[in-house]
Amino acid sequence: MTSLKVLMVGGAGYIGSICARVFADAGATVWTLDDLSTGHEEAVTGELVHGSILERSFLIDLLKRLQPDAVMHFAARSLVGESVNHPLAYYDTNVRGTLNLLTAMQAAGVNRMVFSSTCAIYGPPRYLPIDEAHPIGPISPYGDSKEMIERILSDCRAREGFQITTLRYFNAAGAMPDGSLGEAHDPETHLIPLALDALLDRRPPLKLFGRDYDTRDGTCIRDYVHVLDLAEAHRLALARLLDGDPGASYNLGTERGTTVSEILNAIARVAGRPVPYKDAPRRPGDPPALFAASAKAREELGWRPAFTDIDDIIRTALAWAQTPRYGRYATKG
């Protein structure tokens, strides 16, 4: 990667910042483009270019100037509940922003992209584990926006000469093992950081939504994949594009789910004390189980998750939560 030049769009956010660090540590030249509306300047690797994907002329000038070998596209609005209440903002930022980026790439002669997508495009599972052939059926404007983008990217791959790989994340989790980068959303909606905040007395007891699902312990099952394993998938995906592959879509998960109760038990094991929680009714629309089939990523990309034990994922998340460098609970001074 020593001669590689990569533009990380949305690279001040959780996954983007860790991918940027991984690429830079491997010798790539990295630029981070972010408007810092949800990202953190302290998380940036490489030069920070402050700007928005909603500004097409700015993107064209930037890409013509930088001439990166590839674009990693992480920038998006990503709160499912917010998308239900404000769908227009999600279609504007996610869909129009991506169209602006693609148009700018084409104008600058940059044709490689790795796009951050989501398992939300599948909607409620019809079978498990979910593979790439699973029917598409998003049930929120957030999922709809990502599915629309995937259709646009497919057309651009087939008709406009782009090489584009789409990575469909399941539940990103964990932090850099050295504690330098981690999850700092505001508001926070993900289970593991919410549970850790309750453990650290930063919030009221965690709400456990439903204990009567048809699962092994009655709580929901989700597929937690370490953020460093996601970063490795981006590296492998780009390597394949550089070899001339036109790109494809891949699920990224561990292929086995972990229940909410198992997450709480893992935190208790790692932290040495239990997470305070209260039982609450089911949330409407929560499927009992969601987890991935990732055979395609293994076979075509050679992707092998390094963090296969939930305790190891929790361990990195806890270390970050105790002493975050940025975000609401960052230690000052």
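Presented here is an overview of the structure given in this document. Since this is a predicted model, take the numbers as computed values, not measurements.

**Points about unusual backbone geometry**
Then, in step 1: The omega torsion across leucine 128 and proline 129 is -10°, close enough to zero to call that bond cis.
Then, in step 2: Inspection of the secondary structure puts proline 129 in the loop between β5 (112-118) and α5 (141-159).
Then, in step 3: Residue proline 187 follows aspartate 186 across a cis peptide bond; omega there is 5°.
Then, in step 4: Along the chain, the position of proline 187 falls in the loop between β7 (171-173) and α6 (191-199).

**Comments concerning α5**
Then, in step 1: End to end, α5 covers 27 Å across 19 residues, agreeing with the expected 27 Å (1.5 Å per residue, within 8%).
Then, in step 2: Buried within α5 are the following residues: Pro141, Tyr142, Gly143, Ser145, Lys146, Glu147, Ile149, Glu150, Leu153 and Cys156.
Then, in step 3: The inward-facing, buried residues of α5 abut α3 (80-85), α4 (87-108), β5, β6 (163-169) and β11 (249-252).
Then, in step 4: Of the residues trailing α5, glycine 161 is marked for its positive phi of about 80°.

**What about α6?**
Then, in step 1: Within α6, nine of the nine residues are buried, which leaves the element mostly enclosed by the surrounding structure.
Then, in step 2: Taken together, the buried positions of α6 are occupied by Leu191, Ile192, Pro193, Leu194, Ala195, Leu196, Asp197, Ala198 and Leu199.
Then, in step 3: Next to the buried residues of α6 lie β7, β8 (206-209), β10 (224-226), α8 (260-271) and α10 (310-322).
Then, in step 4: Aspartate 201, located one to two residues past α6, shows a positive phi value of around 60°.

**Re the nonpolar core**
Then, in step 1: Residues Ile15, Phe23, Leu167 and Leu238 are the most contacted members of the largest nonpolar core, which totals 41 residues.
Then, in step 2: Only β1 (5-9), α1 (14-25), β4 (70-73), β6, α7 (227-242), β11 and α9 (295-301) provide two or more residues apiece to this core.
Then, in step 3: Looking at this core, the element that brings in the most residues is α7, giving eight residues.
Then, in step 4: What leucine 167 contacts, discounting residues up to four positions off in sequence, is Val114, Phe115, Ser116, Ser117, Thr118, Ala233, His234, Ala237, Tyr250, Leu252 and Leu301.
Then, in step 5: Counting 27 residues, the second largest nonpolar core, distinct from the first, contains Leu63, Met105, Ile149 and Phe162.

**Digging into the pairing of β11**
Then, in step 1: Alternating positions in β11 separate into two faces, Ser249 and Asn251 on one and Tyr250 and Leu252 on the other, with burial throughout.
Then, in step 2: Pairing analysis gives four bridges linking β6 to β11, with the strands arranged parallel. Bridge pairing in β11 links arginine 168 to asparagine 251.

**A short note on the environment of serine 52**
Then, in step 1: Inspection of the secondary structure puts serine 52 in the loop between β3 (47-50) and α2 (56-66).
Then, in step 2: Note: C-alpha distance between serine 52 and glutamine 322 (270 residues apart in sequence) is 32 Å.
Then, in step 3: Look past the residues within four positions of serine 52 in its chain and what remains in contact with it is Asp35, Phe58 and Leu59.
Then, in step 4: At 3.0 Å, the side chain of serine 52 and the backbone nitrogen of leucine 54 are in polar contact.

**Some thoughts on the side chain of threonine 258**
Then, in step 1: Assignment of secondary structure puts threonine 258 in strand β12 (residues 258-259).
Then, in step 2: Assessed through its relative accessible area of 12%, threonine 258 is described here as buried.
Then, in step 3: Setting aside chain neighbours within four positions, we find threonine 258 in contact with Arg216, Cys220, Ile221, Arg222, Tyr224, Ile263 and Ile310.

**Quick word on the sheet that holds β11**
Then, in step 1: Strand order in this open sheet of seven strands is β3-β2-β1-β4-β5-β6-β11, and the pairing throughout is parallel. Of all strands in the sheet, those bounded by a partner on one side alone are β3 and β11. Neighbouring strand axes in the sheet, compared pairwise and without regard to direction, differ in orientation by 20° on average.
Then, in step 2: Pairing analysis gives four bridges linking strand β2 (residues 29-34) to β3, with the strands arranged parallel. Within the sheet, the bridge partner assigned to threonine 32 lies in β3 and is leucine 48.

Conventions used here
Residues numbered from 1 in each chain as written. Predicted model: local features only at pLDDT ≥ 70, side-chain atom pairs only at ≥ 80, totals over all residues. Heavy atoms only, no water. Helix = DSSP H or I, 4+ residues; strand = E, 2+ residues; numbered from the N terminus. Expected span 1.5 Å × (residues − 1). Buried < 20%, exposed > 50% of the residue type's maximum accessible area, 1.4 Å probe, protein only. Contact = heavy atoms within 4.5 Å. Core = buried A, V, L, I, M, F, W, Y, C linked by side-chain atoms within 4.5 Å. Pairing = 2+ DSSP bridges. Polar contact = N/O pair within 3.5 Å; in protein donor to acceptor, adjacent residues only side chain to side chain. Axes fitted to C-alpha atoms, helices over the stretch in contact; angles between N-to-C directions.

In short, the description is geometric, and any link to function would need to be established separately.
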